[in-house]
Amino acid sequence: MTSWAVDGEARPMSGIDLDAYLARIGYAGELAPDLPTLRALHRAHLLAVPYENLDVQLGRPLTTDPAAAFDKIVRRRRGGWCYEMNGAFGLVLEAIGFPVARLAGAVMREALGAANHASHLVLKVDLDETWLADVGYGDGPIEPFQPGEGPYHQRGFAFGRERTEDGWWRMRNHRFAPRSFDVRLEPADEAELAGKCAQLQTSPTSVFVQHAIVQRHTPDGIVLLRNRTLRRIWPDRAEEQPVESAAQYVALLQDLFGLDLPEAADLWPRICAQHEASLAPAAG
């Protein structure tokens, strides 16, 4: 029986409602453990389900439990951050018959080093070749990609890959969100993932505590809410506009991201304060 780990403890995987997930992402295509299905599901998930950290902003504890993520994303029609998005997606792939391994990535490891290990969950899918599936990077690739070296392109967005001197694979995002994450192609330490998940939702230095972030892929680009700034990104340009009120913020969550979350209006004073803090010059 397939199992996962919740807060470092192994648990057996029970069946999931695959039909409910497929309805959630609007997918009616073929299902087989092959590359065309992987690509199609990956793309459909990112077009339908937003990346968001609003539960962190609302003070609602999150775990690395894939079943909890599946319930949140499918039954409650929410989005999630990497531990949830890739956690639920991994359950779906396993249910279809894909060989899946959970990997621990490290966002901006080139700058932050070991302090950010396990800050990202990635899925490794072994078909005829190894593919990385990552529906939890927000504004990253819309389809799976392979570890390797050199640039690759999706929908006109340019991404980069390289091998680090200490044996990690480094994945570089497009120019409008120039972050990177490192990953090793070996199963994650689930206790390390759980510990980092807890730290990222509680530490005052965590970007997820400091900023309300909602992102979603669109057919021709990406739309992003970061605090009170709405940003639209295409391969050749990006545009920004301010959000002026709590009512507008809640309406944007519904209209652009499919999130029915009226309680987000209570976050508006915090969102405004976080926006102002992000504009303040760094001390020193």
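Whatever comes next refers back to the structure up there.
In this report, we go over the structure that sits alongside the text. Source: prediction; values computed, not measured.

Rules of the game
- Residues numbered from 1 in each chain as written.
- Predicted model: local features only at pLDDT ≥ 70, side-chain atom pairs only at ≥ 80, totals over all residues.
- Heavy atoms only, no water.
- Helix = DSSP H or I, 4+ residues; strand = E, 2+ residues; numbered from the N terminus.
- Rg over C-alpha atoms; globule rule 2.2 N^0.38 Å.
- Buried < 20%, exposed > 50% of the residue type's maximum accessible area, 1.4 Å probe, protein only.
- Areas by Shrake-Rupley, 256 points an atom, 1.4 Å probe, with all protein chains shown as cover.
- Lys, Arg positive; Asp, Glu negative; His and termini not counted.
- Charge placed at Lys NZ, Arg CZ, Asp CG, Glu CD.
- Salt bridge = Lys/Arg side-chain N within 4 Å of Asp/Glu carboxyl O.
- 1 Å grid on protein atoms, 1.4 Å probe; cavity = no way out; pocket = protein on both sides within 12 Å on 5 of 7 lines; lining within 4 Å.
- Points joined across faces, edges and corners; volume = space filled by probe spheres on them.
- Nonpolar A, V, L, I, M, F, W, Y, C, P; charged D, E, K, R; others polar.
- Phe/Tyr/Trp six-rings, centres within 6.5 Å; stacked < 30°, edge-to-face > 60°.
- Lys NZ or Arg CZ within 6 Å of the ring centre and 35° of its normal.
- Pairing = 2+ DSSP bridges.
- Axes fitted to C-alpha atoms, helices over the stretch in contact; angles between N-to-C directions.
- Contact = heavy atoms within 4.5 Å.
- Polar contact = N/O pair within 3.5 Å; in protein donor to acceptor, adjacent residues only side chain to side chain.

### Here's the deal with the overall build of the protein
From N to C terminus, the protein includes 10 helices and 14 strands. Computed over the C-alpha atoms, the radius of gyration of the protein is 18 Å, within 12% of the 19 Å expected from 2.2 N^0.38 for a compact globule of 284 residues. Its C-alpha atoms put the protein at 50 × 45 × 40 Å along the principal axes. Relative to its 284 residues, the protein shows a buried fraction of 54%. Of the roughly 12300 Å² that the protein leaves accessible, carbon and sulfur atoms contribute 51%. One way to put it: in the protein the 29 positive side-chain charges average out to a point 3 Å from where the 38 negative ones average out.

### Digging into the pattern of salt bridges
Counting across every chain of the model gives 23 salt bridges. As a salt-bridge pair, Arg172 and Glu110 come within 2.9 Å of each other at their nearest N and O atoms. With Arg172 in strand E9 (residues 169-172) and Glu110 in helix H6 (residues 109-112), the pair connects residues that are 62 residues apart, well separated along the chain. The partner of Arg237 in a salt bridge is Glu239, and the shortest N-O contact between them spans 3.6 Å. A relative accessible area of 43% places Glu239 in the partly exposed class. When salt bridges that share partners are traced, they join Glu52, Asp55, Arg60, Lys72, Arg78, Glu84 and Glu263 into one network.

### What about the layout of surface pockets?
By volume, the largest pocket is sized at about 850 Å³. Together, 35 residues line the largest pocket, and Arg179, Val207, Phe208, Ile213 and Arg226 are the ones closest to its centre. Elements that contribute at least two residues to the lining of the largest pocket include exactly strand E5 (117-126), helix H7 (190-200), helix H8 (207-210), strand E11 (213-218), strand E12 (221-226), strand E13 (229-234) and helix H10 (268-279). When its residues are assigned to classes, the lining of the largest pocket shows 16 nonpolar, 13 polar and 6 charged.

### Description of the packing of aromatic side chains
Evaluated as defined, the whole model comprises 7 aromatic pairs. Ring geometry for Trp81 and Phe208: centres 5.0 Å apart, planes at 90 degrees, overall edge-to-face. With a gap of 127 residues between them, Trp81 in the loop between helix H4 (66-75) and helix H5 (82-96) and Phe208 in helix H8 connect regions that are remote in the sequence. Of the two residues, Trp81 and Phe208, both sit in the buried class. Every member of this aromatic cluster is reached through a ring pair, and the members are Trp81, Tyr83 and Phe208. When the ring centre of Trp169 is taken as origin, the NZ or CZ atom of Arg163, which lies over that ring, is 4.3 Å away. The ring of Trp234 has Arg237 lying over it, and the distance from NZ or CZ to the ring centre is 4.0 Å.

### So, the sheet that holds strand E7 (residues 152-154)
One open sheet accounts for 7 strands, arranged E6-E5-E4-E10-E9-E8-E7; its pairing is antiparallel. The open sheet has two edge strands, strand E6 (130-133) and E7, and neither has a second partner. Averaged over all neighbouring strand pairs, the angle between strand axes comes to 35 degrees, with direction disregarded. By the bridge criterion, 4 bridges tie E5 to E6 in an arrangement that is antiparallel. Each residue of the ladder has a partner; that of Asp126, found in E6, is Thr130. Sheet strands in contact with H5 are strand E4 (100-107), E5 and E6, and its direction is about 20 degrees off that of E5. In this fold H7 packs onto E4 and E5, with an angle of close to 135 degrees to the strand it touches most, E5.

### Side note on the side chain of Arg216
Here Arg216 lies in strand E11. Of the side chains with opposite charge, Asp255 lies nearest to the buried Arg216, which makes no salt bridge, at 9.5 Å. Of the polar contacts made by the side chain of Arg216, one reaches the backbone oxygen of Leu256; its length is 3.3 Å. Looking at Arg216, its side chain comes within polar contact range of the main-chain oxygen of Phe257, at 3.2 Å. If sequence neighbours within four positions are ignored, Arg216 has contacts with Leu46, Leu47, Ala48, Pro50, Ile222, Val223, Leu256, Phe257 and Gly258.

Coordinates in, geometry out; function isn't part of it.
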